[in-house]
Amino acid sequence: MLVNPVLVACLASLALTSPAVARPVDAAQDDGQRAARERRLRGQNLPAREIERRIIPRMPGAQYLGFDYDPEHDVYTLKFLRNGSVIWIEVDGHTGQILRRMGN
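None of these values were measured; they are calculated from a predicted model.

Reading guide: rules and limits
Residues numbered from 1 in each chain as written. Predicted model: local features only at pLDDT ≥ 70, side-chain atom pairs only at ≥ 80, totals over all residues. Heavy atoms only, no water. Buried < 20%, exposed > 50% of the residue type's maximum accessible area, 1.4 Å probe, protein only. Helix = DSSP H or I, 4+ residues; strand = E, 2+ residues; numbered from the N terminus. Contact = heavy atoms within 4.5 Å. Pairing = 2+ DSSP bridges. Core = buried A, V, L, I, M, F, W, Y, C linked by side-chain atoms within 4.5 Å. Axes fitted to C-alpha atoms, helices over the stretch in contact; angles between N-to-C directions.

With respect to helix α4 (residues 48–55)
Then comes step 1: Residues Ala48, Glu50, Ile51, Glu52 and Ile55 constitute the buried set of α4.
Then comes step 2: Packing partners of the buried residues in α4 comprise β1 (63–70), β2 (75–82), β3 (85–92) and β4 (98–102).

Quick look at the pairing of β1
Then comes step 1: The pairing of β1 with β2 spans seven bridges and is classified as antiparallel. In the strand pairing of β2, Tyr64 is matched with Phe80.
Then comes step 2: Counting the residues that bridge the hairpin from β1 to β2 gives four residues, and of these Asp74 lies at a positive phi of roughly 55 degrees.

So, the nonpolar core
Then comes step 1: Ile51, Ile55, Tyr76, Leu78, Phe80, Ile89 and Val91 are the most contacted members of the largest nonpolar core, which totals 15 residues.
Then comes step 2: Residues in contact with Ile55, not counting those within four places in the same chain, are Leu78, Phe80, Ile89, Val91, Gly96 and Ile98.

Topic: unusual backbone geometry
Residues other than glycine predominantly adopt negative phi, and peptide bonds predominantly adopt the trans conformation.
Then comes step 1: The residue Asp74 is not glycine, and still its phi comes out positive at about 55 degrees.
Then comes step 2: Residue placement: Asp74 occurs in the loop between β1 and β2.
Then comes step 3: One non-glycine residue, Asn83, lies in positive phi territory at about 50 degrees.
Then comes step 4: Its place among the elements puts Asn83 in the loop between β2 and β3.

Looking at the sheet that holds β1
Then comes step 1: Taken together, the four strands give an open sheet; going across it, the order is β1-β2-β3-β4, and neighbouring strands pair in antiparallel fashion. One side of each edge strand has no neighbouring strand; the edge strands of this open sheet are β1 and β4. The sheet shows a mean angle of 20 degrees between the axes of neighbouring strands, taken without regard to direction.
Then comes step 2: Relative to β3, β2 is paired through eight bridges, and the arrangement is antiparallel. For Lys79, the partnering residue across the bridge sits in β3 and is Trp88.

If you want it as C-alpha cells, here you go:
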C-alpha cells in the first residue's frame, strides 16, 4: 500500500527538478542569443544589431518586436507588427540577406 504514494512522490520530485520544468520560458530564446553571440565572436556571422540596422528601416510603419536566432541554420527571424498583423523576416546570419518574408 505504501508503494503507490512513495512512487507518486518520487515521480513528482523528478518532474519538479527536471531541466525542462526548471528552465524559464525564455530559455530557448536565451540559448539562441547565446549561440548568435558565440558565432559573431568567431567571425561566423553578423551581430544582431547589424542585422537590425539593415532590416528595420525596410519596414516603415511596422513596430519591431525583436528577433529569434536559429543556430542550426544560422538564420535570424525578425518579428514586426503592422496593422494587427505579424510579419516575420528571415535573414541569413552570415550575409545579412533577406531569405524569406512571411505575413503582411
